[in-house]
Amino acid sequence: MLLPVKWLKDYIDTNKSARELADGLTLSGSHVESIKALDNGIENVVVGKVLKVEKHPNADKLVICTIDIGKEKLVIVTGAKNVNEGDYLPVALIGSKLANGLEIKESNFRGVSSFGMLCSLQELGLPDNVIPKEMRDGIFILDKEYPLGTSILEVLELNDQVIEFEITPNRPDCLSIIGMARETAATFNYKLNEPSVEIHNDVDDINDYTNGISVETDKCTRFYSRVIKDVVIEPSPIWLQTRLMKAGVRPISNIVDITNFVMLEYGQPLHAYDLEELNGKKIIVRQAEKDEKIFTLDGNERTLNEDDIVIADGLEPIGLAGVMGGLDSEITDDTKIVLLEGANFNSENVRLTSKKLGLRTEASTRFEKGLDPNLCSIAVERVCQLVELIGAGTVVKGSIDVYNNVKENKELELNPERCNKLLGESIPVNKMLEYLNALGLESAYDGSLINVSVPTYRLDINIEVDLIEEVGRLYGFHNIKPKALLGGLSRGDKPYKNMLEDKVKSILEGLGLNEVMTYSFISPKAYDKINLTKSDDKRKYIKILNPLGEDYSTMRTTLLPNMLDLLSRNFNKGIDSIYAFEIGNTFIPKNLPVKSLPDEKKVLSIGAYGDVDFYEMKEIVEITLSKLGIKNLSYEREENNPTYHPGRTAKVCFNEEFLGIIGEIHPDVLRKYDIKTKVYTAQLDFDKIVDLTNLEIVYKPLPKYPSMVRDIAITVKEDVLVGDIEKIILKHGGGLIEKLELFDIYRGDQIEEGLKSVAYSIVYRSYERTLTDDEVNEIQKVIIEDLERSVDAKLRS
């Protein structure tokens, strides 16, 4: 936000320098970026009048001008083609200095002495982007007569400074000259002199010129309009042009310049339409249709969708609401009747449209932060006043105002005691009232509370602490004396879930695994690569609106593709063996399309290849969970998961609750990942693991009585699960089995095809007495009989 100091002083009466103003505003909460002097070191450049223009006798492209600067007449040679007798223009005298560092000396041009130089706006230090197109080439011609010899800095108000502010998003009211004048008045306790807006010579009736305004979308809060007739399009007066250029805006023509002037003054973007170019002489505010086209003022064709708001006439869009007007209805030299728009649009819609189209303008910058709809009428009326002032047209009586839900002031209460407690000061109530009223917050004290009426332009003030902040910043946060902290200190610690996560990481690292971290965004093709069926719930993923690319366009619902990508990358770089794990979030949508935040579920993903098999992966899982108090896991064969090998995959359960899946990756999936070795993974629900964890340790006394060990080796069919065998053994243990260990699985020449040999070591112990051989042998007998009966086992000799 650029704030020319002389423009600021139109609304406050102050003699303070730009530095003093900047320092004071900084202390009251405004962030000053820079202060720039506009004179650019220019010296001795004055107003002159061209008395005579003659051809140079020795040069076809040069002319000899006789210039009157009041106290004397000078002969100056120039090559400019736009200089005519009677013109008033800037003259750099001998010894003067220009913005580009050039010092003017007497020169001789092909036998004719030149005693000065005629200046362009560039030579006066104005940047090209704010100079009107018609003034970029040639000498700058003033718009009217000025006292000869007057400093050009005074005429163009270049004896001025501009303060640049960084305006925070919560203060759109400060994106205006009056907004910053209000801050300045409150900071230095000045009176704010806002313009008195009056229209004196309006004629006719607006309804005779337009067929009305129709607002067909709830994204337009207000649309206020007036009409100006008998418009004469011409360059604006110099005072208006210089105000715009100092604020960083390029002058175009009188009507457009006035709308830009008022936008800078009040912070309300405005637009002017050539009424005679509107089909049906009416305005319709609506949502755009899908793939609807519009040519904007920059000459580019834009493709819109249903989320964009457009201003349309009876046939087609004529403006992109809150962003830029349309090319077909722009103000031209032939415009005679103008319809003014002062509107208020949904800030989010404007922001998204501006971002999507890559079209950021002064209007969109303001709208996307939120604006006060009550500014619409004030700004349009101010435009009409300035049109009368400079004689750019005749204002038509009446206005059209579509404003269904009128915004009123907010009424808040401020407890002075609470204010002082939070600020750590003892500010008197009368000072609080002074600060609040200076900011335009009408306040009154009822003996216990301060009742505050918050004007609609202060969108950032909604609760009591916002008022306390206003009191604090005008009192001066730098004036608040530092004090020691009050209250007790407590020791912070990690949440229980995070502590368990650290414990699991430590366990797995102790088992020789390496922790990895992968992106939460994956490609939609990843779900195909792991062979998920079309109906699998994991395909119900959330799409990213503005992804970095297709490979990062969805939020993952499983960590398995990330693990397989990582294993593939390492395998193809020649790494012989790898053991890796990750504890990461998956994102499960509650609904599609997304209407609320997804459920974030943590998953423990383990992956390995090389010198590893199913049983080692199973052991890693069992050791990890046993250290969390989750023991005696059970396993169920899983043959219907297309990602895994059908005969080497199992569900992991605890007390019949499903924890996850463990197994060998299907060869088809491995081919898609270009992995030419077996890969084993475990995918476990970490949230369930947290819920089931029991870190309570129960100590038992050392056993007094000896144990007895029996080995048992049986042959069973290949499809008999080891878990089923163990259930039968434990069922008959009578509480005397202390340890059951599988120590051998054999397939070979001595075993029939289709069978396998399974061998267990069983440790028996009683904590109450010494067991006898007969007791243990009886249990062994019952176990063997049940195995023979239930799983057709045969005892090996």
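Engineer: Can you break down the overall build of the protein residue by residue, with the values?
Structural biologist: When you go through the protein residue by residue, the secondary structure sums to 20 helices and 39 strands. A globule of 797 residues ought to have a C-alpha radius of gyration of about 28 Å, yet the protein, at 41 Å, is considerably larger. Its C-alpha atoms give the protein principal-axis dimensions of roughly 135 × 75 × 60 Å. Of all 797 residues assigned to the protein, the portion counted as buried reaches 49%. At a minimum sequence separation of 6, the contacts of the protein that also span at least 24 residues come to 70%. About 40,000 Å² of surface is accessible on the protein, with carbon and sulfur atoms providing 47% of the total. On the protein, the mean spot of the 97 positive side-chain charges and the mean spot of the 130 negative ones are 3 Å from each other.

Engineer: Provide a residue-level description of unusual backbone geometry, including the pertinent values.
Structural biologist: Looking along the chain, the bond that leaves Leu-592 and enters Pro-593 is cis, with omega of -5°. Mapping Pro-593 onto the fold places it in the loop between strand 30 (578-588) and strand 31 (599-609). The residue Arg-110 is not glycine, and still its phi comes out positive at about 50°. Assignment of secondary structure puts Arg-110 in the loop between strand 7 (107-109) and strand 8 (112-114). Exposure remark for Arg-110: the relative accessible area of 57% places this residue in the exposed category. A positive phi angle, close to 60°, is found at Asn-189, a residue other than glycine. Position of Asn-189 relative to the elements: it lies in the loop between helix 4 (177-188) and strand 11 (213-215).

Engineer: Break down the domain arrangement of the protein for me, with residues and values.
Structural biologist: In many reports, interface size means the accessible area that the parts give up when they come together. Per the domain assignment, the segments making up the protein are domain 1 (2-38 + 161-188), domain 2 (43-155), domain 3 (206-403), domain 4 (410-479), domain 5 (496-692) and domain 6 (708-795). Computed from C-alpha atoms alone, the centre-to-centre distance between domain 4 and domain 6 is 81 Å.

Engineer: Go over the layout of surface pockets, please, and point to the residues and values.
Structural biologist: Size it by volume and the largest pocket reaches roughly 1,800 Å³. Lining of the largest pocket is provided by 43 residues; of these, Lys-618, Glu-622, Tyr-635, Val-722 and Glu-726 occupy positions nearest its centre. Residue assignment for the lining of the largest pocket shows that the elements contributing at least two residues are helix 16 (614-626), strand 32 (634-637), strand 33 (644-654), helix 19 (722-731) and strand 37 (737-746). For the lining of the largest pocket, the per-class residue count stands at 16 nonpolar, seven polar and 20 charged. Size it by volume and the second largest pocket reaches roughly 1,200 Å³. Those elements giving two or more residues to the lining of the second largest pocket turn out to be helix 6 (254-266), strand 13 (270-274), strand 18 (317-320), strand 19 (324-325) and helix 8 (362-367). Of the residues belonging to the lining of the second largest pocket, the class tally is 21 nonpolar, eleven polar and nine charged. In this structure, the lining of the second largest pocket is formed jointly by two domains, domain 2 (43-155) and domain 3 (206-403), each of which donates at least three residues.

Engineer: How would you sum up the pattern of salt bridges? Please name residues and give values.
Structural biologist: Using the criterion set out here, one finds 50 salt bridges in the structure. The salt bridge partner of Glu-622 is Lys-618, with a shortest N-O separation of 3.2 Å. With Glu-622 and Lys-618 both in helix 16 and four residues apart, this pair spans about one turn of that helix. Exposure remark for Lys-618: the relative accessible area of 22% places this residue in the partly exposed category. For Asp-674, the salt bridge goes to Lys-676, with nearest N and O atoms at 2.8 Å. Several salt bridges converge on common partners, so that one network encompasses Arg-171, Asp-173, Glu-183, Arg-458, Asp-460, Glu-470 and Arg-473.

Parameters and conventions
Residues numbered from 1 in each chain as written. Predicted model: local features only at pLDDT ≥ 70, side-chain atom pairs only at ≥ 80, totals over all residues. Heavy atoms only, no water. Helix = DSSP H or I, 4+ residues; strand = E, 2+ residues; numbered from the N terminus. Rg over C-alpha atoms; globule rule 2.2 N^0.38 Å. Buried < 20%, exposed > 50% of the residue type's maximum accessible area, 1.4 Å probe, protein only. Contact = heavy atoms within 4.5 Å. Areas by Shrake-Rupley, 256 points an atom, 1.4 Å probe, with all protein chains shown as cover. Lys, Arg positive; Asp, Glu negative; His and termini not counted. Charge placed at Lys NZ, Arg CZ, Asp CG, Glu CD. Domains from an automatic or database assignment. 1 Å grid on protein atoms, 1.4 Å probe; cavity = no way out; pocket = protein on both sides within 12 Å on 5 of 7 lines; lining within 4 Å. Points joined across faces, edges and corners; volume = space filled by probe spheres on them. Nonpolar A, V, L, I, M, F, W, Y, C, P; charged D, E, K, R; others polar. Salt bridge = Lys/Arg side-chain N within 4 Å of Asp/Glu carboxyl O.

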